[in-house]
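Structural features, examined
Each chain, written out:
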Amino acid sequence: MSRIGKMPIAIPAGVTVDVAENNKVTVKGPKGTLERVMAPEMKIEVEGAEVKVTRPNDLKRNKSLHGLTRSLINNMVVGVTEGYEKKLEINGVGYRAAKQGKKLVLNLGYSHPVEMEDPEGVETVVEGANIIFVKGIDKEKIGQYAAEIRDKRRPEPYKGKGIKYADEHIRRKVGKTGKK
């Protein structure tokens, strides 16, 4: 039995979970609404103040979808109640970030500033000149946009310059040594 899949999802006060045909799950909460179509094999039931996910049989595909479906619904419930955020740090001389309306402007040592438009449902907040918070209710969108920002200048192993996640550790390398 899937350890994650068999756990019920508690629905907090102020949150409604609806399951339509074709396993279309809609979660409404204080921060917004999220919709997602789940795998048709899974059986999703709302019982009182909790959601239960069950699988029809023990085929390998159904076993793997069981835990995934439960995690996705749980992430939706957490997203509409608390929301998600990722923290990015910019390291390097002259590297900085600024916000212009819905645009994130990054100066990363290129000959031009890099401009990124915030996607729908995702908000970026710049703190100081070198800390970026990516906030929203959809965990998948937050992670994707944070990864796209990081890809503009990944941290390098010699000086550690670039954009990194706040909880990321960069493995440092020793530079060249002179001849004697």
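None of these values were measured; they are calculated from a predicted model.

Re unusual backbone geometry
Backbone geometry at Asn 22 places phi at a positive 60°, although glycine is not the residue there. By secondary structure assignment, the location of Asn 22 is in the loop between strand 2 (16-19) and strand 3 (24-29). Exposure remark for Asn 22: the relative accessible area of 61% places this residue in the exposed category. In this structure, Asn 23 takes a positive phi of about 55° despite not being glycine. Looking at the element boundaries, Asn 23 is found in the loop between strand 2 and strand 3.

With respect to the nonpolar core
Val 17, Val 25, Val 27, Met 38, Ile 44, Val 51 and Ile 73 are the most contacted members of the largest nonpolar core, which totals 20 residues. If you list the elements that add at least two residues to this core, you get strand 3, strand 6 (50-54) and helix 1 (60-81). Excluding residues within four positions of it along the chain, Val 51 makes contact with Pro 8, Ile 9, Ile 11, Val 17, Ile 44, Glu 45, Val 46 and Ile 73. Of all hydrophobic cores here, the second largest spans 19 residues; its members include Ala 97, Tyr 145, Ile 149 and Tyr 165.

Things to note about the packing of aromatic side chains
Aromatic ring pairs: the centre-centre distance and the angle between the two ring planes describe each pair. What the rule picks out here adds up to 0 aromatic pairs. Of note, Lys 135 hangs over the ring of Phe 133, and the distance from its end group to the ring centre comes to 5.7 Å. A cation over an aromatic ring shows up here: Arg 153 above the ring of Tyr 110, its NZ or CZ 4.3 Å from the ring centre.

Observations concerning the sheet that holds strand 8 (residues 96-100)
Taken in spatial order, the 3 strands line up as 8-9-10 in an open sheet, and their pairing is antiparallel. Only two strands of the sheet have a single neighbouring strand rather than two, namely strand 8 and strand 10 (114-117). If you compare each strand with its neighbour and ignore which way they point, the axes differ by 25° on average. When strand 8 meets strand 9 (residues 103-107), the two strands line up antiparallel, connected through 5 bridges. Opposite Lys 99, over in strand 9, you have Leu 104 as the bridge partner. Its contacts with the sheet put helix 2 (residues 139-151) on strand 9 and strand 10, and the angle it makes with strand 10 is roughly 170°.

What to know about helix 1
Each α-helix winds once per 3.6 residues, and so residues spaced three or four apart point in a common direction. Along its 22 residues, helix 1 runs 33 Å from first to last C-alpha, staying within 8% of the 32 Å computed at 1.5 Å per residue. Within the sequence span of helix 1, burial applies to Asn 62, Leu 65, His 66, Gly 67, Thr 69, Arg 70, Leu 72, Ile 73, Met 76, Val 77, Gly 79 and Val 80. In the segment just after helix 1, Gly 83 is the residue with positive phi, at about 85°.

Rules used throughout
- Residues numbered from 1 in each chain as written.
- Predicted model: local features only at pLDDT ≥ 70, side-chain atom pairs only at ≥ 80, totals over all residues.
- Heavy atoms only, no water.
- Helix = DSSP H or I, 4+ residues; strand = E, 2+ residues; numbered from the N terminus.
- Buried < 20%, exposed > 50% of the residue type's maximum accessible area, 1.4 Å probe, protein only.
- Core = buried A, V, L, I, M, F, W, Y, C linked by side-chain atoms within 4.5 Å.
- Contact = heavy atoms within 4.5 Å.
- Phe/Tyr/Trp six-rings, centres within 6.5 Å; stacked < 30°, edge-to-face > 60°.
- Lys NZ or Arg CZ within 6 Å of the ring centre and 35° of its normal.
- Pairing = 2+ DSSP bridges.
- Axes fitted to C-alpha atoms, helices over the stretch in contact; angles between N-to-C directions.
- Expected span 1.5 Å × (residues − 1).

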